[in-house]
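These are the residues of each chain, in order.
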Amino acid sequence: MARVLLIEPFYGGSHRAFADGLQAHSRHEIVLLTLPAGEWRQRMRRGAQELAKLSDELPGAFDGIVATDMVDLAVFLTLTRPRFTSTPVMAYFHENQFTYPRLRGTKLNSWFGQINYLSALAADVVAFNSEFHLGDFVGALRALSRQPNNWLTPEAIDEIAARSVVLPVGVELRWLDSHRLDRAPGLPPLILWNHRWEFDKGPEVFARAITTLAEQGAHFRLALAGDPGINPHPALVELRDRLADRVSESGFVADRAAYARLLWESDIVVSTARHEFFGVGMVEALYCGCFPVVAARYNYPALVPKALHAVCLFESEVALVELLRGALADRRERPELRASAERFAWERVIGAWDEALERLAGGPGRGSAGGSDR
């Protein structure tokens, strides 16, 4: 059994769920070194400094380190030398700052991109939560390297690609079964939005599609879950007010049991996101039998069974409305959706994780942690 240090400067939301899940399910000893969730830019800028100081309080030696993408890994390793000089390190990417959506008119913040790039370069193994994400990240590096006055080298990009692997996020799913309920017969289908109410989730596209369906006389109910945040997108606020008689849920569902029941009650789950590196919320919804209507890009094609791509994946807003109309008319149960989601249950993925950590702990050796390489 290996003793592994997991470093997470943003211990909240899906990042926290992943850290806790790995610690709970792994056969290895997983020690967490974390900072509470906070303003993400500050966490990326200062987290390595703060975590390096906190690491002084950790007793004993470690066989390996897993640092998430919000860690400035090169800085952390520098500030903690010589303690971790010979400790093999995996950089694990939940997301990356090269292809994360930006507000219109804003440019790539090179600071955060450099953190991701240098962290990948400093690691012995670079792991991504999906095949899409791996290709997306390496592709972004290669594209940027062709721009004038860039700060990457082709050789370094090749090194990163050579030691990159895929290790899916584990998702806690079994707990949802204890809250299972049958969808109420006779009620209009329930369309679920279970994302943040922010620009990167494309809420204005969703709002236009739902408004079109309502104007065409479609019968449905609407659950606007997810965290509105301090500055919710006006499109969802307006949609909630305009279709108030159809809205059964509005805002973040803090109670886990209530959220589970909402998943089981919902018929259709929609995403109009401008990115998706993995999709934990979608996996949970599929497990509970929700029919997905999602973009035909990012990681969504990997989550939806291929046999259902034609009726689940949209390329345009017009297609989105058409697929939603079809989903409202066809409410058959699709057991293959649950089976697709079950692939990512912790019980299914922990074996690959444990093997990867065991290889990592075997000693420094670039690319030695296994997994599914590109």
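Please refer to the structure placed before this passage.
Residues numbered from 1 in each chain as written. Predicted model: local features only at pLDDT ≥ 70, side-chain atom pairs only at ≥ 80, totals over all residues. Heavy atoms only, no water.

A.B. asks: Quick question: what am I supposed to make of the sheet that holds strand β11 (residues 291-295) here?
C.D. replies: Consider a sheet: its strands pair through backbone hydrogen bonds, and that pairing is either parallel or antiparallel. Spatial strand order, β9-β8-β7-β10-β11-β12: 6 strands in an open sheet with parallel pairing. With partners counted over all chains shown, the strands left at the sheet margins are β9 (247-250) and β12 (313-314), one partner each. Here 5 bridges tie strand β7 (residues 190-194) to strand β8 (residues 221-225), and the two strands are oriented parallel to one another. For W193, the partnering residue across the bridge sits in β8 and is L224. Lying over the sheet, helix α8 (residues 234-242) contacts β7, β8 and β9, oriented at roughly 145° with respect to β8. (Pairing = 2+ DSSP bridges. Helix = DSSP H or I, 4+ residues; strand = E, 2+ residues; numbered from the N terminus. Contact = heavy atoms within 4.5 Å. Axes fitted to C-alpha atoms, helices over the stretch in contact; angles between N-to-C directions.)

A.B. asks: Teacher, can you tell me more about the nonpolar core here?
C.D. replies: Looking at soluble globular proteins, one finds that nonpolar side chains tend to be buried together. Ranked by size, the top nonpolar core spans 88 residues in total, and within it F206, I210, V293 and W353 carry the most contacts. Apart from residues no more than four positions distant in its own chain, W353 is found in contact with F18, L22, M90, Y92, L167, P168 and W346. Listed in part, the 36 residues of the second largest apolar core include A67, V89, Y117 and I160. (Core = buried A, V, L, I, M, F, W, Y, C linked by side-chain atoms within 4.5 Å. Buried < 20%, exposed > 50% of the residue type's maximum accessible area, 1.4 Å probe, protein only.)

A.B. asks: Could you clarify how one ought to interpret the pairing of β8 in this entry?
C.D. replies: The side chains of a regular strand alternate between the sheet's two faces. With 5 of 5 residues buried, β8 lies mostly within the body of the structure. The alternating pattern of β8 places R221, A223 and A225 and L222 and L224 on opposite faces, both of which are buried. Taken together, β7, helix α7 (residues 203-215) and β8 form a β-α-β motif whose crossover is right-handed. Pairing geometry for β8 and β9, over 3 bridges, is parallel. In the sheet register, A223 faces β9, and the bridge partner there is E249. Note that the unit made of β8, α8 and β9 has a crossover that is right-handed. (Right-handed = clockwise from strand over helix to strand, strands pointing away.)

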